[in-house]
Amino acid sequence: MAGREAGNTADDTSGAGATPALGHRTDEVPSPVPHQAGSPEDKAAPGDGEQGVEAGQADAPHPHTCTCPVCPRGTRAAHREAQAAFRARRDALAAGEGLPAAVSYSAGASRQWISDELTQAAREVGARARAEAEGWYVLLWRRTLYVVWGAVAALFLGQVATAFAAGWTAARTAGLLAALLGGGLLTGAAHLHGRRGGVLAPVIGEDNRLSTSRAVAALWVLLTAYAVLVLAGRLAFASGDGERDTLIAGLDLARGAGLVTVLAVTCAVAVVVRRVVAVRVQGQRLQKAQAPRPRAADLLTDDSGRAHFADTQYVLVSAVAVVYALVRLARRPDQLPDLPWGLALLVLVSAATYLASKYAEGSRPVIHAVVRSREAGDLDGPIRTGDDIEIRGAGFLPPSARTPDRLARMVVRIGAVHVHVPLVPVPGGFTNPSDTTLIVPVPVEVEPGKAEVQLVSAAGVETNKVTIEVGD
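What this report covers is the structure whose coordinates are included nearby. (Residues numbered from 1 in each chain as written. Predicted model: local features only at pLDDT ≥ 70, side-chain atom pairs only at ≥ 80, totals over all residues. Heavy atoms only, no water.)

1. Some remarks on the overall build of the chain
Part 1 of the reasoning: Along its length, the chain carries 10 helices and 10 strands.
Part 2 of the reasoning: For the chain, the residues scored as buried account for 41% of the 472 residues in total.
Part 3 of the reasoning: By element, 60% of the accessible surface of the chain is carried by carbon and sulfur atoms, the whole surface being about 24300 Å². (Helix = DSSP H or I, 4+ residues; strand = E, 2+ residues; numbered from the N terminus. Buried < 20%, exposed > 50% of the residue type's maximum accessible area, 1.4 Å probe, protein only. Areas by Shrake-Rupley, 256 points an atom, 1.4 Å probe, with all protein chains shown as cover.)

2. Some details on the sheet that holds strand E2 (residues 383-384)
Part 1 of the reasoning: Strand order in the open sheet formed by five strands is E2-E10-E9-E4-E5, with mixed pairing between adjacent strands. Strands at the two margins of the open sheet, each flanked by one partner only, are E2 and strand E5 (417-420).
Part 2 of the reasoning: Pairing between strand E4 (residues 411-414) and strand E9 (residues 449-456): four bridges, direction antiparallel. When the bridges of E9 are listed, Val411 appears paired with Val456. (Pairing = 2+ DSSP bridges.)

3. Describing the side chain of Ser318
Part 1 of the reasoning: Within the secondary structure, Ser318 is located in helix H8 (residues 309-331).
Part 2 of the reasoning: Assessed through its relative accessible area of 1%, Ser318 is described here as buried.
Part 3 of the reasoning: Those residues within four positions of Ser318 in sequence are excluded, and the remaining contacts are Val216, Trp220 and Val347. (Contact = heavy atoms within 4.5 Å.)

4. Quick word on helix H3 (residues 107-166)
Part 1 of the reasoning: The terminal C-alpha atoms of H3 lie 83 Å apart, and with 60 residues this matches the ideal 88 Å at 1.5 Å per residue to within 8%.
Part 2 of the reasoning: Measuring from the side-chain oxygen of the N-cap residue of H3 to the backbone nitrogen of Gly108 gives 3.3 Å; that N-cap residue is Ser106.
Part 3 of the reasoning: Phi turns positive, to about 85 degrees, at Gly167, one or two residues after H3. (Expected span 1.5 Å × (residues − 1). Polar contact = N/O pair within 3.5 Å; in protein donor to acceptor, adjacent residues only side chain to side chain.)

5. So, the packing of helix H5 (residues 212-237) against H8
Part 1 of the reasoning: As a packed pair, H5 and H8 sit with axes 10 Å apart at the nearest point and diverge in direction by 5 degrees. Our classification of the angle between H5 and H8 gives roughly parallel. Here H5 contributes Thr212, Ser213, Val216, Leu219, Trp220, Leu223, Tyr226 and Ala227 to the contact with H8, which in turn contributes Asp311, Tyr314, Val315, Ser318, Ala319, Ala321, Val322, Ala325, Leu326 and Leu329.
Part 2 of the reasoning: Considering only residue class, the contact of H5 with H8 consists of 14 nonpolar, three polar and one charged. (Axes fitted to C-alpha atoms, helices over the stretch in contact; angles between N-to-C directions. Parallel < 35°, antiparallel > 145°, perpendicular 65-115°, else oblique. Nonpolar A, V, L, I, M, F, W, Y, C, P; charged D, E, K, R; others polar.)

Here's what the structure looks like:
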């Protein structure tokens, strides 16, 4: 994460001469971090009236140099400053700089002190990231409206451009009115869910990522709703009984069977996938951690950001089928798009492939072995209190939980003692913990004899237990 987000973006000063909005700070002092001394959370909880004022400030226009706590740009700048400070602190400690003389006498003490320092800094970065995500949602819901009404404007311009040759027809009027009505409904929904992404709120999963299954289902729902609204508009403008009968017959199942089948299957896949993921997470068979915020790439990638075949083919095949259905609706606006069964079957196969991949993905972390960690020059011997042990296995760091604040939450249970995994920095990252190995000390509180070792991974999932023998 640190490598991808290196470097701060300079603030836009084009509006430096503008008068700042009331209540917005334009100085360069970063806003208070949640859970720190002096932050707004340390004060008494505001009343409903104060919450309304804060919400109004978040929705109000902000100058480019604003750094108030509710300003999206201010929280973004504060997050980047915290990231830069964390990277500088990590690299300095990795080089041995800033280590107090009181702990430099012991490798174990210095490692623990460094880990504690990085843990505090990582928590600050995590708090800044959450504040930035909340501010980003305020900007997102307006941008989704731009996309919605941009699509309506594009439809209008396309109709005007093609009307020069064929003339303006009742079907064009019905299509434009259906788009306006649909855009109005989406605008109302976006306003109600402005704090959760606006129009995108229904397709954002519990892990704060765009859900591929929900997005595809929403695409087919929007297509079907638009087609029905077009037919309703045509029916409202129909002048003769024969035309009305033709439009009503356009809703027959015989003509829209392919579309209805695809709609039912994609919606069912969205519901089943949500249930499958929830059951696997609750059963600790799948490691999931919340993303900072949803991205468009989530539709085509897995939690680690790598391109995922099942997701990509599902989105691609569905998008092609939707484009075909829109073309059929434009050519025959008096009936539901008659999706050919060959194309409908292709979508169903794609949906089945996607669903099967959801059943197959994921695994819980596992410990393979626990051995005594031996430094160069040490003698071989049994595990004793004060020694370091090396835990070997797989899946300790799931792709969605590799941020520093997540790594700082990893805990190893040695008997009844909980040992936090120390963060060991190197320039650009950490050597401990890693996805397959991690090293922790055996504290003196561990009683000699047999003790069970178990890891709580960065995603909060428990591994299997491995028994070790702790010597006197």
